[in-house]
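# A look at the structure
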Protein chains: 2
Amino acid sequence: MKLTCRDCSLAELCLPRALSPDDMEQFETMVDQRPAMARGNFLYQTGDVFGGLYAVKSGSFKTTISASDGEDQVTGFYLPGELFGFDGFDDHYSCSAVALEHSSVCELPLSSIDQLVVKLPNLRRELDRLMAREITTDQSMLLQLSRRTAEQRLAAFLVSLSLRFRQRGFSGTELRLSMSRYDIANYLGLTAETVSRLFKRLKEHHLALVNGRTVIIQDFEALHRQVHGSGGR
Amino acid sequence: MKLTCRDCSLAELCLPRALSPDDMEQFETMVDQRPAMARGNFLYQTGDVFGGLYAVKSGSFKTTISASDGEDQVTGFYLPGELFGFDGFDDHYSCSAVALEHSSVCELPLSSIDQLVVKLPNLRRELDRLMAREITTDQSMLLQLSRRTAEQRLAAFLVSLSLRFRQRGFSGTELRLSMSRYDIANYLGLTAETVSRLFKRLKEHHLALVNGRTVIIQDFEALHRQVHGSGGR
DNA sequence: CGTTAATTTGATCATCTTCAACATGAGTGG
DNA sequence: CCACTCATGTTGAAGATGATCAAATTAACG
C-alpha cells in the first residue's frame, strides 16, 4: 500500500504544509515515492529535461553546477523535508542532484504540478514562496561568499545546519555531516585544507568538538556572533 | 492615452514575449506605467510588502541586500526589458531596488498576476521560467565569485553586459556603464581599487578602451577566453 | 588486510585588501 | 563662466588571508 503525505513525519515541513486536509487528499495522489538511492548516485543531471520537484524523504542531497573547466560548484545541500529542483523550471535542470548518503525522495511530477495548481491556489502560492526563498537563499550566499572571511563562512554554515537539523527533530548541537570536507569547502568558496584548519581552530577555541564528520557544537552563541561579527573582509 | 505593450519597442524582450496577440490584449490592461524616477531613488526597499514585478522601460536598476553590518551587497543589475522583483514572491521583498540613472518601469501588480495566470497558462509558464532563470543566474554568480580570479570576474561582467546590450539593440562594443566602480566591485565581490586596476590592465592589454564610465570593447574574443580560461584560483 | 579515498598538517607564495593620498569631474551657486 | 565642493575614480605601498604544493595520517570499504 502507498504511504500518504498525511502519514509522513515531514508533513509539517514539506510542501503540503500550506494545504487544507481536503487539498491534501488531492495532492497525495500526485506524489510519487521513488526507490531509495545509494550514495553518489544522481537524481538528475545538468541538462536533463525538467521532470518535477523533489522533496527529501530521508538522507540528504547536494546540487552542483559544473564550470567550463570541468570543476563543479556545490550550490546547495538539502535535508529531509526540503524541496529542490526549482532550477529546472526553465525546461531543463541547470544543476545536478547527487545523494550524499543512502537517501530517498518523493517526486512531484511537472504534469501533476500543472494540473494541481489550477485547483489549488494555495499550492501555487506556496510554490512561489519556496521559489522566492530559493532566490533569497542564493543571494544571501552571494553576500556570504563575497563579504565574509573563511572563518565567518564556516560559522554561518554550521549555524544554518544546526537550525535546520533542529527544525527537523534532530539534535541541533550534535551534527552528523553527510558531506565531505571538499563539498563544504567548495560550497563556501574555500579549499578543503582551509576548512580542515578552520575546524581545528573551532576545537582549539572550544566552540565545537570535531571528530571526522561528527560535529558537536559547544558554543552556539559564539558561532552566531562570529557570523555577524564586526564586518567581513 | 495609454501606451500599450504592443507598441513598446521592448515587447520582444519583455514578459509578453510568450503571449499570443489575444492574450496580449488582456495582459496590457493589467500593466501600469509608473512615473519616471531620478537616479538614486528606491523603487522598493527590503521588507516592503510584495507589490508586483517590474520591467525596466528605460534606464537601469540595481538590487541590493543589506548585510547585518550595514554594508550592502549588490545582487543584480537590470537593463531595459528585464524583469525583476521575484525575490518579493515570498510576501516581502528581500532586496531594495535603486535607479542607477533617470529611469522608468512598468509594473505588473501582484493582484493582476493572480488574476491573469488563471486565464493565461502561458504567462504562468513564462513566469516560472523567468524565476528559474533568476535562480540559475544567481547560482552561476555563486560559481563566479568563488572560483574565479578578479580578472576573470570583470571579464565575465563585461561580456555579460555586452551581450545584453546588444540584445537590446544598443551597441555591444561601446558600453555606457550606469553603475559606479564601487557598485561593480561590490557586485563582483571585490574592492573599487581592484576594479580600477583591472580596467587599467584591460587598457594596457588592448582589450578595451576605458574612459570613466565609457567602455569600448576592442577584443571581445579575448575577454571571452579570459572568462573560461584555464581554471580560476 | 590491503588499497584507495578522505582528511590533516606544514611551508611557501600570490592575490587581493587595506590604508592613504591624490586626481578628476560633475554639479552648484556666485 | 568660473571657483568651489563633494563624490567618484585612480594610484602606490604594505600586509594579510587563503591558495597551492607536498607529504603524512587516518578512515572507508571491498
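All of these numbers come straight from a predicted model, not from anything done at the bench.

## Brief notes about the overall build of chain A
Counting its regular elements, chain A contains seven helices and eleven strands. Its C-alpha atoms put chain A at 55 × 40 × 35 Å along the principal axes. Out of the 233 residues belonging to chain A, those deemed buried represent 42%. Partitioning the intrachain contacts of chain A with sequence separation of at least 6 by distance along the chain shows that 69% fall at a separation of at least 24.

## Observations regarding unusual backbone geometry
In terms of backbone geometry, most residues other than glycine have negative phi values and most peptide bonds are trans. With phi around 80°, D91 of chain A is a residue other than glycine that occupies positive phi space. The topology assignment puts D91 of chain A in the loop between β6 (83–84) and β7 (96–99).

## So, the packing of helix α4 (residues 150–167) of chain A against helix α7 (residues 220–228) of chain A
All names here are of chain A. Contact pair α4 / α7: the axes reach a minimum separation of 8 Å and the direction vectors enclose 130°. Taken together, the axis directions place α4 and α7 in an arrangement best described as oblique. Note that α4 runs across α7; the crossing there is left-handed. Facing E151, Q152, A155, A156, L158, V159 and S162 of α4, the residues of α7 in contact are F220, L223, H224, Q226 and V227.

## Quick look at α4 of chain A
All names here are of chain A. The end-to-end C-alpha separation of α4 is 26 Å, in line with the 26 Å expected for 18 residues at 1.5 Å each. Among all positions of α4, only Q152, R153, L154, A155, A156, F157, L158, L161 and S162 are buried. Buried residues belonging to α4 abut α3 (121–147), β9 (174–176), α5 (181–188), α6 (192–204), β11 (214–217) and α7.

## Focus on the sheet that holds strand β10 (residues 208–211) of chain B
Residues and elements named next belong to chain B. Here three strands make up an open sheet; going across it, the order is β9-β11-β10 and the pairing antiparallel. One side of each edge strand has no neighbouring strand; the edge strands of this open sheet are β9 (174–176) and β10. The mean angle between the axes of side-by-side strands here comes to 15°, regardless of whether they run parallel or antiparallel. The pairing of β9 with strand β11 (residues 214–217) spans three bridges and is classified as antiparallel. Residue pairing in the sheet places R176 in a bridge with T214 of β11.

So, how was this worked out
Residues numbered from 1 in each chain as written. Chains lettered and ligands numbered in written order. Predicted model: local features only at pLDDT ≥ 70, side-chain atom pairs only at ≥ 80, totals over all residues. Helix = DSSP H or I, 4+ residues; strand = E, 2+ residues; numbered from the N terminus. Buried ≥ 20, exposed ≤ 12 C-beta atoms within 10 Å, placed from the backbone. Contact = placed C-beta atoms within 7 Å. Axes fitted to C-alpha atoms, helices over the stretch in contact; angles between N-to-C directions. Parallel < 35°, antiparallel > 145°, perpendicular 65-115°, else oblique. Left-handed = near helix turned anticlockwise from the far one by under 90°. Expected span 1.5 Å × (residues − 1). Pairing = 2+ DSSP bridges.

Any functional reading would require information that these geometric values do not contain.
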